[in-house]
Amino acid sequence: MSDIPSKSGTTRKHTALPKAQILIEALPWLTRHHGKIVVIKFGGNAMVNEELKAAFAQDVVFLRHAGLKPVVVHGGGPQISAALDRHGIVSEFKAGLRVTTEDAMDVVRMVLAGQVQRELVGLLNQHGPLAVGLTGEDAHTITATKHTPEIDGESVDIGRVGEITQIDTGAIEALLADGRIPVVSSIARSQDDGHVYNVNADTAAAALAAALGAETLMVLTDVEGLYEDWPNSDEVISRLTASQLEKLLPELSSGMVPKMEGCLHAVRGGVNTARVIDGRVQHSILLEIFTDEGIGTMVVPDEKPDEQGES
């Protein structure tokens, strides 16, 4: 037989080479993030589009097998609204938060813990015995008190919406130490009145990221990132400091406020980077973590005086 390589063998080598190059390009990022906790807030279109859901699950499992420690936090806005409609309960929002009556809270709890979380755990576990679901009620993971926002200078009652007062990371850390992927529903136990509270999932993800000492917080959205001058421009701000973000907060749309406040809280709480990324893009998590360009808006802590060359 001839020792000359067949044409098909040569072709196979050429088509495989770009795959090897892509993996090598990811090496510095893999090294940097190895063993680090990454908190990912799952939401938006990625929650309702079947292909995006499957891609999200693949990304999270990839992170786990690449040596990172992903923690998933989810809300369930579209699913909650649909379930409330079926129960004849009107969906109402104030200050960017869902007004949550006693009846609505029962539905919220059922949808988050019994539907959205179960589906996400199932998708992740198609790849192995990895994901474990819990809510903020479990092991006192998230504790909250009643949140009363101010609108036009007046306090407004929005029902069973909680403001986080305490995080206990024990259960999550135990799961991570066991090689599992915690999937956390944004429901909190009460600090003072025996109730259960609906907590904004962006806020919950940020609080958990800070408490866990995470390397990165990633918030999936239905936009490309934080726009420079919306609606006059669709130019996305790729990077900004905590102080720069703080100045922008009063100008943001109500839907973006909890996300960007969460990013601010995370980096001020010790998280190295907080990123808002476009969940409508398949594998956006991998693109953001393992490439130079990134695809969203990254928030970083303010530079310290010595980092600016000051004495």
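Residues numbered from 1 in each chain as written. Predicted model: local features only at pLDDT ≥ 70, side-chain atom pairs only at ≥ 80, totals over all residues. Heavy atoms only, no water.

A. Highlighting the overall build of the protein chain. Along the protein chain, the regular secondary structure elements total 10 helices and 16 strands. At 21 Å, the protein chain has a C-alpha radius of gyration in line with the 19 Å of a compact globule built from 311 residues. When its C-alpha atoms are laid out on the principal axes, the protein chain stretches across 85 × 50 × 40 Å. Taken over 311 residues, the protein chain has a buried fraction of 47%. Counting only contacts in the protein chain whose residues sit at least 6 apart along the sequence, the fraction spanning at least 24 positions is 72%. (Helix = DSSP H or I, 4+ residues; strand = E, 2+ residues; numbered from the N terminus. Rg over C-alpha atoms; globule rule 2.2 N^0.38 Å. Buried < 20%, exposed > 50% of the residue type's maximum accessible area, 1.4 Å probe, protein only. Contact = heavy atoms within 4.5 Å.)

B. Up close: the nonpolar core. Ranked by size, the top nonpolar core spans 44 residues in total, and within it Ile 40, Phe 56, Leu 124 and Ile 285 carry the most contacts. Of all elements in the fold, only strand E1 (37–42), helix H3 (50–65), helix H4 (77–86), helix H5 (102–124), strand E10 (181–185), strand E13 (216–221) and helix H10 (284–290) reach the threshold of two or more residues within this core. If you tally residues by element for this core, the top one is H5, at 11 residues. Within the second largest apolar cluster, 41 residues are counted, among which are Leu 176, Leu 252, Leu 264 and Val 267. (Core = buried A, V, L, I, M, F, W, Y, C linked by side-chain atoms within 4.5 Å.)

C. Quick peek at the sheet that holds strand E15 (residues 273–278). In spatial order, the strands read E5-E10-E2-E1-E13-E15-E16-E14; together these 8 strands make up an open sheet with mixed pairing. Only two strands of the sheet have a single partner each, and these edge strands are strand E5 (131–135) and strand E14 (239–241). Each strand axis lies, on average, 20° off the axis of its neighbour in the sheet, ignoring direction. Relative to the sheet, H5 contacts E1, strand E2 (69–74), E5 and E10, its axis offset from that of E5 by approximately 165°. (Pairing = 2+ DSSP bridges. Axes fitted to C-alpha atoms, helices over the stretch in contact; angles between N-to-C directions.)

D. Layout of the layout of surface pockets. Estimated volume of the largest pocket: approximately 660 Å³. Contributing to the lining of the largest pocket are 31 residues, with Lys 41, Gly 77, Asn 200, Asp 202 and Lys 259 lying nearest its centre. Elements supplying a minimum of two residues to the lining of the largest pocket: H4, strand E4 (97–98), helix H7 (201–212), E13 and helix H9 (257–268). Here the lining of the largest pocket gets 3 residues from one element, more than from any other, and that element is H4. (1 Å grid on protein atoms, 1.4 Å probe; cavity = no way out; pocket = protein on both sides within 12 Å on 5 of 7 lines; lining within 4 Å. Points joined across faces, edges and corners; volume = space filled by probe spheres on them.)

E. Fine view of the pairing of strand E11 (residues 187–190). Across 2 bridges, strand E6 (residues 142–146) lies against E11 in parallel orientation. When the sheet's bridge partners are listed, Ala 144 is paired in E11 with Ser 190. Sheet topology note: the E11/strand E12 (residues 196–198) ladder contains 3 bridges and is antiparallel. Residue pairing for E12: Ile 187 is matched across the bridge by Asn 198. Adjacent in sequence and paired antiparallel, E11 and E12 are bridged by 5 residues, among which Gly 194 carries a positive phi angle near 80°.

F. Examining empty space enclosed by the protein more closely. Tallied over the entire structure, the rule returns 2 cavities of 30 Å³ or more. Volume-wise, the largest cavity comes out at about 60 Å³. Residue assignment for the lining of the largest cavity shows that the elements contributing at least two residues are H3 and H10. Examining the composition of the lining of the largest cavity, we find that 4 residues originate from one element, H3, more than from any other. When grouped by side-chain class, the residues that make up the lining of the largest cavity number 7 nonpolar, 4 polar and 1 charged. Phe 42, Met 47, Lys 53, Gln 79, Val 116, Glu 119, Leu 120 and Leu 123 are the residues that line the second largest cavity. Taken together, the residues that form the lining of the second largest cavity break down as 5 nonpolar, 1 polar and 2 charged. (Nonpolar A, V, L, I, M, F, W, Y, C, P; charged D, E, K, R; others polar.)

Everything listed is a geometric property; what it means functionally is a separate question.
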